[in-house]
Amino acid sequence: ETVALPKLFEATAISRDREWAYDMVGDEIRNLQWILEGLGYDPGRTDGYFSLQTKKAVESFQQSAGLPVTGKVDEATAMKLEENVIRRYLDRSSDAQLQAAVAQIQKMLADKAGK
């Protein structure tokens, strides 16, 4: 059984050479949306357009992270997002592929024990 990785695991570091904000478009915004979605903040879309819903997701993240709530992704927000992504990478409980593999092995062992 194939288990797809969340888009979060395809995301790259957020560029810190500028602020990312409402009404911007591009691959950096899609990357940001993947990160937000993967961390549980609904950006509303993942097509690279910084919509009002994406802004709300950024604001929610900023609030929960104790950052100034601006709705813009500045250097501090980008760094905090990346810290959270790294924590998610290291959290084995969020590894759907690992969980599927363990479940499959447990099933195989149960089937073999039942024979």
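Structure: above.
(A) Representation of the packing of helix H1 (residues 27–38) against helix H3 (residues 75–90) within the structure. Here H1 crosses H3 at 55°, and the two axes come no closer than 10 Å. As summarised for this structure, H1 and H3 are arranged oblique, according to the angle between their axes. Pair H1 / H3 crosses with left-handed handedness. Across the interface between the two elements, Leu32, Ile35, Leu36 and Gly38 of H1 pack against Leu81, Val85 and Arg88 of H3. Counted by class, the contact of H1 with H3 contains five nonpolar, one polar and one charged residues.

(B) View of the nonpolar core. Residues Ile14, Leu32, Ile35, Leu36, Val73 and Leu81 are the most contacted members of the largest nonpolar core, which totals 21 residues. Of all the secondary-structure elements, those providing two or more residues to this core are H1, helix H2 (52–65) and H3. For this core, the leading source of residues is H1, giving four residues. Among residues more than four places away in sequence, those in contact with Ile35 are Leu8, Ala11, Thr12, Ile14, Leu81 and Val85.

(C) Fine view of a nonpolar patch on the surface. A surface patch of nonpolar side chains, amounting to about 330 Å² of accessible area, comprises Ile86, Tyr89 and Leu90. Residue placement: Ile86 occurs in helix H3.

(D) Layout of the packing of H1 against H2. H2 packs onto H1 with a crossing angle of 55° between their chain directions and a minimal axis gap of 11 Å. In terms of their interaxial angle, H1 and H2 are classed as oblique. The way H1 lies across H2 gives a crossing that is left-handed. Residues Leu32, Gln33 and Leu36 of H1 form the contact with H2, whose participating residues are Thr54, Ala57, Val58 and Phe61. Across the contact of H1 with H2, the residue classes tally to five nonpolar, two polar and no charged.

(E) Seen up close, the environment of Phe50. Along the chain, Phe50 turns up in the loop between H1 and H2. Spatially, the C-alpha atoms of Phe50 and Ile29 are 6.2 Å apart, while their sequence positions differ by 21 residues. Residues in contact with Phe50, not counting those within four places in the same chain, are Trp20, Ala21, Tyr22, Asp23, Met24, Ile29, Leu32, Gln33, Lys55, Val58 and Gly71.

About the thresholds
Residues numbered from 1 in each chain as written. Predicted model: local features only at pLDDT ≥ 70, side-chain atom pairs only at ≥ 80, totals over all residues. Heavy atoms only, no water. Axes fitted to C-alpha atoms, helices over the stretch in contact; angles between N-to-C directions. Helix = DSSP H or I, 4+ residues; strand = E, 2+ residues; numbered from the N terminus. Parallel < 35°, antiparallel > 145°, perpendicular 65-115°, else oblique. Left-handed = near helix turned anticlockwise from the far one by under 90°. Contact = heavy atoms within 4.5 Å. Nonpolar A, V, L, I, M, F, W, Y, C, P; charged D, E, K, R; others polar. Core = buried A, V, L, I, M, F, W, Y, C linked by side-chain atoms within 4.5 Å. Buried < 20%, exposed > 50% of the residue type's maximum accessible area, 1.4 Å probe, protein only. Patch = residues over 30% accessible without salt bridge, like charges linked within 9 Å, V, L, I, M, F, W, Y side chains within 5 Å. Areas by Shrake-Rupley, 256 points an atom, 1.4 Å probe, with all protein chains shown as cover. Salt bridge = Lys/Arg side-chain N within 4 Å of Asp/Glu carboxyl O.

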